[in-house]
Amino acid sequence: MNYVFVHGEPSNAASFEPCLSELGLNGSILLFEAPDHGASGDSPSLTVSAWADALAAYVVALDGPSVLIGHSLGAWAVAHVLPALGARVTRAVLLSGFTHFPAETFAPYEALAAGLDAGAVSLDALVDIGAQAWLSSHSDPAHKLTLLQQMLAREPMTRIARGLRRLREVESPAVIPTPYDTPTVCLHALGDRATPVDGGRALAALGSRSRFIEVEDDGHFVHWDHPPLVRKAILD
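Residues numbered from 1 in each chain as written. Predicted model: local features only at pLDDT ≥ 70, side-chain atom pairs only at ≥ 80, totals over all residues. Heavy atoms only, no water.

Participant: Looking at this structure, how should I read the overall build of the chain?
Facilitator: A count of helical and extended segments in the chain gives 10 helices and six strands. Computed over the C-alpha atoms, the radius of gyration of the chain is 16 Å, within 12% of the 18 Å expected from 2.2 N^0.38 for a compact globule of 236 residues. With the C-alpha coordinates of the chain rotated into their principal frame, the extents come out at 45 × 35 × 30 Å. Within the chain, the proportion of its 236 residues that are buried is 53%. A sequence separation of at least 24 residues applies to 77% of the contacts in the chain between residues at least 6 apart. Element-wise, carbon and sulfur atoms account for 55% of the exposed surface of the chain, whose accessible area totals about 9400 Å². (Helix = DSSP H or I, 4+ residues; strand = E, 2+ residues; numbered from the N terminus. Rg over C-alpha atoms; globule rule 2.2 N^0.38 Å. Buried < 20%, exposed > 50% of the residue type's maximum accessible area, 1.4 Å probe, protein only. Contact = heavy atoms within 4.5 Å. Areas by Shrake-Rupley, 256 points an atom, 1.4 Å probe, with all protein chains shown as cover.)

Participant: What should I look at first to understand the environment of Ala75 in this one?
Facilitator: When you line up the elements, Ala75 lands in helix α3 (residues 73-85). The exposure class of Ala75 is buried, given its relative accessible area of 0%. On a C-alpha basis, the gap between Ala75 and Ala54 in space is 14 Å, while along the polypeptide they are 21 residues apart.

Participant: What is the right way to look at the pattern of salt bridges in this model?
Facilitator: Two side chains bearing opposite charge may form a pair once their charged atoms approach each other closely. Within the structure shown, the criterion is met by 15 salt bridges. Among the salt bridges present, the one from Glu17 reaches Arg154, with a minimum N-O distance of 2.6 Å. Remark: Arg154 occurs in the loop between α6 (141-153) and α7 (157-166) and Glu17 occurs in the loop between β1 (2-6) and α1 (20-23); sequence separation between them is 137 residues. According to the relative accessible area criterion, Arg154 is partly exposed, its value standing at 41%. Glu171 is the salt-bridge partner of Arg168, the closest N and O atoms lying 3.5 Å from each other. With a relative accessible area of 36%, Arg168 lands in the partly exposed category. Relative accessible area serves as the criterion here: at 21%, Glu171 is assigned to the partly exposed category. Connected through salt bridges with shared partners, the residues Glu9, Asp36, Asp42, Glu155, Arg159, Arg162 and Arg166 form a single ionic network. (Salt bridge = Lys/Arg side-chain N within 4 Å of Asp/Glu carboxyl O.)

Participant: What is the right way to read the packing of aromatic side chains from this model?
Facilitator: Any aromatic ring pair is given by two values, namely how distant the centres are and how the planes are angled relative to each other. Taken as a whole and judged by the stated rule, the model has six aromatic pairs. For the pair Phe32 and Tyr58, a centre-to-centre distance of 5.2 Å together with 65° between the ring planes defines the contact as edge-to-face. Separated by 26 residues along the polypeptide, Phe32 in strand β2 (residues 28-32) and Tyr58 in helix α2 (residues 48-60) bring together distant segments of the chain. Judged by relative accessible area, Phe32 falls into the buried class, the value being 4%. Of the residues examined, Tyr58 reaches a relative accessible area of 27% and is grouped as partly exposed. Measuring from centroid to centroid gives 5.9 Å for Phe101 and Tyr109, while their planes differ by 55°, and the two rings are tilted. Across the pair, Tyr109 and Phe101 agree in class, each one buried. Taken together, the aromatic side chains of Phe98, Phe101 and Tyr109 make up a single cluster linked through ring pairs. (Phe/Tyr/Trp six-rings, centres within 6.5 Å; stacked < 30°, edge-to-face > 60°.)

Participant: What is the right way to read the side chain of His220 from this model?
Facilitator: One can find His220 in the loop between β6 (210-215) and α9 (222-225). Owing to a relative accessible area of 4%, His220 belongs among the buried residues under this scheme. Engagement of the side chain of His220 in a polar contact is seen with the side chain of Asp192, the distance being 2.9 Å. Here His220 is in contact with His71, Ser72, Ser96, Trp134, Asp192, Ala194 and Thr195, once residues within four sequence places are set aside. (Polar contact = N/O pair within 3.5 Å; in protein donor to acceptor, adjacent residues only side chain to side chain.)

Written out as structure tokens, the structure is:
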């Protein structure tokens, strides 16, 4: 079995690396990195649709069936490709996902992107901003700050700015994923400040065989805060 982990935006494989040992999965562990992210080549004109297309091509090239685990925009991308991949994907787990990104949610990210492009936001400042938006108030803040810094430090500031602006494309109802039949579990923290929980509920509602699990927390990185729940969602 292939277990394909799909990061969000702005992010890369470092989003999932810290929790892999706790997940304890037996099979091929694959950390997909979209174009313009992590070790992938630069792609300044990348669109969210091209991101999803790259994911679909990646999964098609694999031998054997796959479980897809997506976080945030990665969850959107996974849901987007499920109908086309059919039986190649036996299960999906969508973490902190959404069907589209409301305009009012995007505005702060656009301002942050402008600051990054202008060189007015340092890595430390970016980590602090990310912590306020993404990290749980109920977990070890020092450890999670380290994880966040390690993840963001892998990306040039120009890439992060492009990624933040890319989220605007997901405002359009035209990019809402279509209904899917793959068995799916959606996990979402009730107090998620980055992607409101209603977005996760809407993503789950598109699935004919999906379950939505509310997590009593306020962090965006459910897999950092609750790896046992994620493991159960993957294997149950």
